[in-house]
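Here's the letter readout for the chains.
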Amino acid sequence: MDVRRDGRSGGFRHGCTVFGRKRKGAHYAMTTWKRTHTCGEINAALSDETVVVNGWVNRRRDLGGLIFVDLRDRWGVVQVVFSPEVFSAEEFAAAETLRSEFVVSVEGIVAQRPEGQVNPAMATGEVEIYARRLCILSQAQTPPFHLDRPLDVDETLRLKYRYLDLRRSDLQRALRIRHETVQYVRDFLNQNQFLEIETPMLTKSTPEGARDYLVPSRVHKGKFFALPQSPQMFKQLLMIGGFERYYQIVRCFRDEDLRADRQPEFTQVDLEMSFVDADDVMNLMEQMMRGLMKQILDVDVPDPFPKMDYHEAMNRFGSDRPDTRFGMELRDLTEQLAASEFKVFSSTAAKGGVIKGINAKGCGAEYSRREIDSLVEKAVGWGAKGLVWMNIADEIKSPTAKFLNSDEIDSVVQSLEGEKGDLLLLVADTFETACDVLGRMRLFLAETLNAVPQNRYDLLWVVDWPLLEWDGDSKRYAAAHHPFTAPKDEDVELLGSRPGEVRAKAYDLVLNGVELGGGSVRINNTKLQEQMFRTLGFSAAAAREQFGFFLDAFQYGTPPHAGIALGLDRMIMLLAGQASIRDVMAFPKTASAVDLMVDAPNAISKAQWDDLGLTSAAKERKR
RNA sequence: GGAGCCGUGGUGUAGUUGGUUAACACGCCGGCCUGUCACGCCGGAGAUCGCGGGUUCGAGUCCCGUCGGCUCCGCCA
């Protein structure tokens with residue numbers, strides 16, 4: 001480390017090294033390094049005023065006899081000029097030691113920049129601070145990656161030095177949006193008579209759902225707490241407890257594999273209301289989201305939000321969280337192709353399956369045979385038995401065409417509004433598979449074709465979800481939402497006979513194809529709750545063991561209640577225009593659930609193992 | 001659990017079919033420079049090519065394994 005990074009002699013005042021010209025009278029003493037203004041608020045109105053700013057050296061331009069430093073704090077960047085006209089030679093030398101990320105205090109005089117020197121790219125570009133005194137509060141090593149230009153750095157490095165990454169403007173912005181969002185949500189719910197109430201982090205492991213993060217108990221060796229996957233039961237108990245309106249901005253934990261929009265710990269806006277129905281919850285959330293979108297993005301979203309039932313979402317978009325920002329909707333072609341000579345179509349239809357198609361606009365002309373083949377491969381990878389394609393050129397090019405008569409081809413082209421240059425893609429399968437595969441194809445093509453409009457925010461509700469879904473592995477029904485979700489009144493009687501057809505009083509909020517969150521009306525009737533557990537394959541004893549306290553609580557007067565939980569991280573990801581929730585969290589983990597900065601999880605000492613009464617079956621890994 | 005992509009000075013990348021001194025930009029260090037704002041000019045230092053093994057006369061390059069990151073599938077009531 002050379003002399004410049006070791007600090008150097010100079011006046012030492014108030015815990016910092018001060019360089020500056022001695023001046024007569026009251027002006028001399030830099031009585032404090034404390035700021036009078038933030039960098040971002042320096043403007044022409046402060047011309048000729050003496051200010052003190054604190055911050056980091058963003059960039060330094062040393063012209064030899066004149067040094068410019070862009071000083072950065074949370075509020076902005078301002079240009080500081082060090083000139084020998086103000087500094088002595090010795091003091092000027094101190095300014096020459098400044099490097100990126102040094103933390104300094106500068107006292108100086110605000111001045112309009114000279115003619116022709118205004119920087120319109122800078123918010124404070126009309127002015128600069130003529131430094132009169134410099135105080136180096138902290139020197140800095142050269143950071144391991146650039147902080148002052150668009151991001152182009154390996155994420156491993158960013159995560160290891162997260163505290164440096166956080167200085168970058170887009171993370172500063174994202175976390176500010178996060179704060180504003182949380183403030184808005186709190187304010188809104190407070191005004192609507194909600195009480196913020198905390199629930200335990202150390203709680204009970206329950207079956208179903210995600211894997212729990214477990215915390216061993218020292219006092220009760222061999223027993224474990226679980227970190228909450230969500231405060232679901234607690235919030236319902238708060239309704240039984242008479243609070244009527246509860247909310248919490250709460251951390252949730254799920255030990256499952258990660259994605260760009262999934263972290264092991266994440267934050268929910270969790271709320272629950274008594275004496276309400278589904279529409280009350282949805283209306284309130286619409287109001288909240290509308291205000292939030294207006295405040296954060298100055299975007300107006302429709303009133304009311306569109307509602308789409310689950311079946312329609314699957315049927316038209318092939319997804320339970322449809323991205324409605326673009327068309328390319330799925331069409332059902334079963335009727336016109338059921339009697340086809342082509343066995344794939346006719347037998348699928350005969351077995352109760354469907355034939356569905358989408359129009360990849362313009363792809364017929366664009367795509368090579370090889371690229372089309374790769375689409376087929378994708379479709380098969382997603383679970384389709386195959387993908388029928390028709391390339392509309394001067395004539396229809398398709399390996400399947402010879403099995404179809406011209407009426408059938410015409411009707412397919414017509415249904416999909418095919419024009420010359422288009423590529424039509426068809427899947428014949430069960431309803432679920434055909435919709436799912438084409439839904440994925442739709443998203444893939446839209447992204448590839450850049451067909452997704454930006455700066456558009458499509459919010460909608462997906463309602464009337466199936467209450468239960470068949471789990472092929474365990475050969476039983478599982479709760480599609482969670483086991484406390486109420487079935488629709490008109491479907492209750494199906495619970496015993498055809499559980500798969502029962503629809504739930506559940507609703508999911510979807511924004512631009514991302515599931516922001518979901519909720520439901522809860523069961524508030526013990527008999528129905530017990531029937532639900534039976535349907536889910538819980539014996540009476542098992543239900544008692546796992547949920548006894550909950551079933552007991554229901555015996556003492558349970559109000560009708562409903563609620564919702566919104567994924568705060570995803571919401572902010574979309575509001576901030578980021579592609580990953582890691583970019584809206586201060587300290588996220590990698591895709592393998594590791595914190596590279598603190599190096600967690602880590603090994604624990606022998607004494608800790610012993611204290612907890614635990615031994616590890618995992619083999620020691622070489623470090 | 002599975003698949004794909006990536007890993008080369010501090011950072012971002014280049015590196016033909018294996019071949020001699022691993023290239024470029026930024027950053028860093030030194031020098032010069034009084035109106036820059038991606039300051040400029042001159043010079044310099046800096047790389048066990050993620051790690052281990054193999055093939056070969058010879059590996060950044062080919063093969064196998066492994067570690068790490070990202071994305072996706074499964075999973076995520």
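Above this note sits the structure.
Calculation criteria
Residues numbered from 1 in each chain as written. Chains lettered and ligands numbered in written order. Predicted model: local features only at pLDDT ≥ 70, side-chain atom pairs only at ≥ 80, totals over all residues. Heavy atoms only, no water. Buried < 20%, exposed > 50% of the residue type's maximum accessible area, 1.4 Å probe, protein only. Helix = DSSP H or I, 4+ residues; strand = E, 2+ residues; numbered from the N terminus. Pairing = 2+ DSSP bridges. Patch = residues over 30% accessible without salt bridge, like charges linked within 9 Å, V, L, I, M, F, W, Y side chains within 5 Å. Areas by Shrake-Rupley, 256 points an atom, 1.4 Å probe, with all protein chains shown as cover. Salt bridge = Lys/Arg side-chain N within 4 Å of Asp/Glu carboxyl O. Near = heavy atom within 4 Å. Polar contact = N/O pair within 3.5 Å; in protein donor to acceptor, adjacent residues only side chain to side chain. Nonpolar A, V, L, I, M, F, W, Y, C, P; charged D, E, K, R; others polar. Contact = heavy atoms within 4.5 Å. Axes fitted to C-alpha atoms, helices over the stretch in contact; angles between N-to-C directions. Phe/Tyr/Trp six-rings, centres within 6.5 Å; stacked < 30°, edge-to-face > 60°. Lys NZ or Arg CZ within 6 Å of the ring centre and 35° of its normal.

Draft legend 1. Examining the pairing of strand β18 (residues 423–429) more closely. With seven of seven residues buried, β18 lies mostly within the body of the structure. Covered by surrounding structure in β18 are Leu423, Leu425, Val427 and Asp429 together with Leu424, Leu426 and Ala428, the residues of both alternating faces. In this sheet, β18 lies alongside strand β15 (residues 354–360) in antiparallel orientation, the contact comprising seven bridges. When the bridges of β18 are listed, Val354 appears paired with Asp429. Where strand β16 (residues 388–392) and β18 come together, four bridges link them in antiparallel fashion. Residue pairing across strands places Met390 opposite Leu424, the latter belonging to β18.

Draft legend 2. Looking closely at a nonpolar patch on the surface. Residues Met201, Leu202 and Phe225 make up a contiguous nonpolar surface patch of roughly 240 Å² in combined accessible area. With respect to the helices, strands and loops of the structure, Leu202 is situated in the loop between β8 (195–196) and β9 (214–216). Of the residues examined, Leu202 reaches a relative accessible area of 45% and is grouped as partly exposed.

Draft legend 3. The arrangement of the pattern of salt bridges in detail. All told, the structure shown has 45 salt bridges when counted by the stated rule. Between Glu272 and Lys235 there is a salt bridge, with its nearest N and O atoms 3.5 Å apart. Linking Glu272 in strand β12 (residues 265–274) with Lys235 in helix α5 (residues 232–240), this pair joins segments that are 37 residues apart in sequence. For the pair Glu272 and Lys235, one class covers both residues: buried. Across the pair Glu417 and Arg331 runs a salt bridge whose closest N-O atoms are separated by 3.5 Å. Of this pair, Glu417 sits in the loop between α12 (406–415) and β18 while Arg331 is found in strand β14 (residues 331–332), placing the two residues 86 residues apart along the sequence. Where salt bridges share partners, they join Arg158, Arg162, Asp165, Arg168, Asp170 and Asp583 into one cluster.

Draft legend 4. Spotlight on the protein's contact with RNA strand B. Every one of the 51 residues lining RNA strand B counts as a neighbour, but Asp62, Gln117, Glu128, Ala479 and His481 are closest to it. Asp62 has a polar backbone atom sitting 2.3 Å from a base nitrogen of RNA strand B. Within the side chain of Thr590, an N or O atom sits 3.1 Å from a phosphate oxygen of RNA strand B. Elements with a minimum of two residues in the surface near RNA strand B: β3 (50–62), β7 (127–138) and α2 (155–160). Its residues placed into classes, the surface near RNA strand B shows 16 nonpolar, 15 polar and 20 charged.

Draft legend 5. Main features of the side chain of Thr324. Relative to the helices and strands, Thr324 resides in the loop between α7 (310–317) and β14. A distance of 2.9 Å separates a polar atom in the side chain of Thr324 from a polar atom in the side chain of Asp458. When near neighbours in sequence (up to four residues on either side) are disregarded, Thr324 contacts Met308, Phe317, Arg456, Asp458 and Leu460.

Draft legend 6. Examining the sheet that holds strand β17 (residues 396–397) more closely. An order of β14-β15-β18-β16-β17 is seen for the five strands of this open sheet, with the pairing classed as antiparallel. Of all strands in the sheet, those bounded by a partner on one side alone are β14 and β17. The sheet strands contacting helix α11 (residues 369–381) are β16 and β18, and the helix crosses β16 at an angle near 150°.

Draft legend 7. Local environment of the environment of Gly472. The topology assignment puts Gly472 in the loop between β20 (468–471) and β21 (476–479). Owing to a relative accessible area of 40%, Gly472 belongs among the partly exposed residues under this scheme. The spatial distance from the C-alpha of Gly472 to the C-alpha of Ile604 is 39 Å, given a sequence separation of 132 residues.

Draft legend 8. Seen up close, the sheet that holds strand β13 (residues 307–309). Here eight strands make up an open sheet; going across it, the order is β8-β11-β12-β24-β23-β22-β19-β13 and the pairing mixed. Edge strands, defined here as strands with exactly one partner in the open sheet, are β8 and β13. Of the strand pairs in this sheet, strand β11 (residues 245–253) and β12 are connected by nine bridges, and their pairing is antiparallel. Bridge pairing in β12 places Tyr247 opposite Leu271. Strand contacts of helix α6 (residues 278–297): β12, β13, β19 (459–463), β22 (506–511), β23 (514–521) and β24 (561–567), with the helix running at about 30° to β24, the strand carrying the most contacts.

Draft legend 9. Region of the structure containing unusual backbone geometry. Note the cis peptide between Asp303 and Pro304, where omega equals -5°. The linkage connecting Ala600 with the following residue, Pro601, adopts the cis geometry, with an omega of 0°. Examined against the element boundaries, Pro601 turns out to sit in the loop between α17 (568–575) and α18 (606–612). Although it is not a glycine, Met328 adopts a positive phi angle of roughly 55°. Examined against the element boundaries, Met328 turns out to sit in the loop between α7 and β14.

Draft legend 10. Region of interest: the side chain of Ser580. Position of Ser580 relative to the elements: it lies in the loop between α17 and α18. Of the residues examined, Ser580 reaches a relative accessible area of 6% and is grouped as buried. A polar contact is formed between the side chain of Ser580 and the backbone oxygen of Ala260, at a distance of 3.3 Å. Once you skip the residues sitting within four places of it in the chain, Ser580 turns out to touch Ala260 and Met573.

Draft legend 11. Broad picture of the packing of aromatic side chains. If you walk through the whole model with that rule in mind, you get 16 aromatic pairs. Consider the rings of Tyr184 and Phe188, whose centres lie 6.4 Å apart with planes at 15°: the pair is stacked. Of the two residues, Tyr184 and Phe188 both sit in helix α4 (residues 169–191), four residues apart, roughly one turn of that helix. Judged by its relative accessible area of 17%, Tyr184 is buried. For the pair Phe484 and Phe533, a centre-to-centre distance of 6.4 Å together with 85° between the ring planes defines the contact as edge-to-face. Highlighted residues: Phe484 in the loop between β21 and α14 (494–497) and Phe533 in helix α15 (residues 526–535), separated in sequence by 49 residues. Neither Phe484 nor Phe533 differs from the other in exposure class; each is buried. Taken together, the ring pairs connect Phe484, Phe533, Phe538, Phe547, Phe549, Phe550 and Phe554 into an aromatic cluster. The lysine or arginine in question, Lys378, covers the ring of Phe444, its NZ or CZ lying 4.5 Å from the ring centre. The positively charged end of Arg442 is found above the aromatic ring belonging to Phe326, 4.0 Å away from the centroid.

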